[in-house]
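A look at the structure
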Amino acid sequence: MRVAILGASNKPERYSYQALQRLRENGHDVFPVHPAIENIEGITTFSSLEELPQPIDILTMYVNPQISNKNAEKILTLKPKRVIFNPGTENSGLQNQLEAAGIRVQEACTLVLLATKQFEK
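All values reported here derive from a predicted model rather than from experimental measurement.

Each value, and the rule that gives it
Residues numbered from 1 in each chain as written. Predicted model: local features only at pLDDT ≥ 70, side-chain atom pairs only at ≥ 80, totals over all residues. Heavy atoms only, no water. Helix = DSSP H or I, 4+ residues; strand = E, 2+ residues; numbered from the N terminus. Rg over C-alpha atoms; globule rule 2.2 N^0.38 Å. Buried < 20%, exposed > 50% of the residue type's maximum accessible area, 1.4 Å probe, protein only. Contact = heavy atoms within 4.5 Å. Areas by Shrake-Rupley, 256 points an atom, 1.4 Å probe, with all protein chains shown as cover. Phe/Tyr/Trp six-rings, centres within 6.5 Å; stacked < 30°, edge-to-face > 60°. Lys NZ or Arg CZ within 6 Å of the ring centre and 35° of its normal. Pairing = 2+ DSSP bridges. Right-handed = clockwise from strand over helix to strand, strands pointing away. Polar contact = N/O pair within 3.5 Å; in protein donor to acceptor, adjacent residues only side chain to side chain. Arc of directions from axis to C-beta. Salt bridge = Lys/Arg side-chain N within 4 Å of Asp/Glu carboxyl O.

Side note on the overall build of the protein
The helix and strand inventory of the protein stands at 5 helices and 7 strands. Helices and strands appear in the protein in the N-to-C order β-α-β-β-β-β-α-α-β-α-β-α. Computed over the C-alpha atoms, the radius of gyration of the protein is 13 Å, within 12% of the 14 Å expected from 2.2 N^0.38 for a compact globule of 121 residues. Principal-axis analysis of the C-alpha atoms gives the protein an extent of 35 × 30 × 25 Å. Here the protein holds 121 residues, and the buried ones make up 50% of them. If you take every contact in the protein between residues at least 6 apart in sequence, the share linking residues at least 24 apart comes to 54%. If you sum the accessible surface of the protein, you get close to 6,300 Å²; carbon and sulfur atoms cover 48% of it.

Let's talk about the packing of aromatic side chains
According to the stated counting rule, one finds 1 aromatic pair in the structure shown. Geometry around phenylalanine 119 places arginine 82 over its ring, the cationic atom sitting 5.3 Å from the centre.

Things to note about the pairing of strand β6 (residues 82–85)
Where burial is concerned, the two faces of β6 agree: the one with Arg82 and Ile84 and the one with Val83 and Phe85 are both buried. With 4 bridges connecting them, β6 and strand β7 (residues 104–107) associate as parallel partners. Across the sheet, residue valine 83 finds its bridge partner in β7, namely valine 105. Note that the unit made of β6, helix α4 (residues 92–100) and β7 has a crossover that is right-handed.

With respect to helix α1 (residues 15–25)
Buried residues of α1: Ser16, Tyr17, Ala19, Leu20, Gln21 and Leu23, and no others. Contact partners of the buried residues in α1: β1 (2–6), β2 (29–33), β3 (39–40), β4 (43–44) and α5 (110–115).

Quick look at the side chain of serine 9
Considering the arrangement of structural elements, one finds serine 9 in the loop between β1 and α1. A distance of 3.0 Å separates a polar atom in the side chain of serine 9 from the backbone nitrogen of lysine 11. The residues contacting serine 9, other than those within four sequence positions of it, are Arg14, Ser16, Tyr17, Ile37 and Ile40.

Observations regarding α4
Residues of α4 that are buried: Leu94, Gln95 and Leu98. Along α4, the residues classed as buried sweep out an arc of 100° about the axis, all on the same side. Structural note: α4 exposes Ser92 and Ala100 on the side pointing more than 90 degrees away from its buried face. Where α4 is buried, its residues contact β5 (58–61), α2 (65–70), α3 (72–78), β6 and β7. Of the residues flanking the end of α4, it is glycine 102, one or two places downstream, whose phi is positive at about 85°.

Focus on the pattern of salt bridges
Enumeration over the complete set of coordinates arrives at 3 salt bridges. Among the ionic pairs, glutamate 50 bridges to lysine 74, the shortest N-O distance being 3.6 Å. One end of the pair, glutamate 50, is in the loop between β4 and β5; the other, lysine 74, is in helix α3, with 24 residues separating them in the sequence. Overall, the relative accessible area of 31% leaves lysine 74 in the partly exposed class. Residue aspartate 57 pairs with lysine 81 through a salt bridge whose shortest N-O separation is 3.0 Å. Of this pair, aspartate 57 sits in the loop between β4 and β5 while lysine 81 sits in the loop between α3 and β6, and the two are 24 residues apart along the sequence.

Functional significance is not addressed by these values, which are geometric in nature.
The structure is reproduced here in structure tokens:
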């Protein structure tokens with residue numbers, strides 16, 4: 001699967017960094033998104049959602065609601081099949097917009113989904 005990580009980090013203690021590692025280990029194509037980081041572990045980082053190659057199957061969120069609200073139109077344009085709101089990123093307004101556009105929304109931890117073999121479901 002092609003997975004974009006909004007709020008990717010190059011800091012190993014961050015969950016978004018750990019998610020990048022686990023996603024790669026599980027054979028997924030990973031597309032980190034962060035405006036100030038050029039690459040993470042040799043993987044090119046995209047500065048915005050508009051730069052991502054399409055299609056993107058899953059967008060996993062590691063940003064707060066203020067940032068996700070600023071990206072709402074970009075996410076809708078990207079049209080991922082699913083958006084995962086990791087703990088602390090929940091945004092009911094955006095979630096409602098995505099669902100209305102036919103995009104599946106999930107409140108879950110990407111790391112837990114991977115560890116329990118539920119990520120692909």
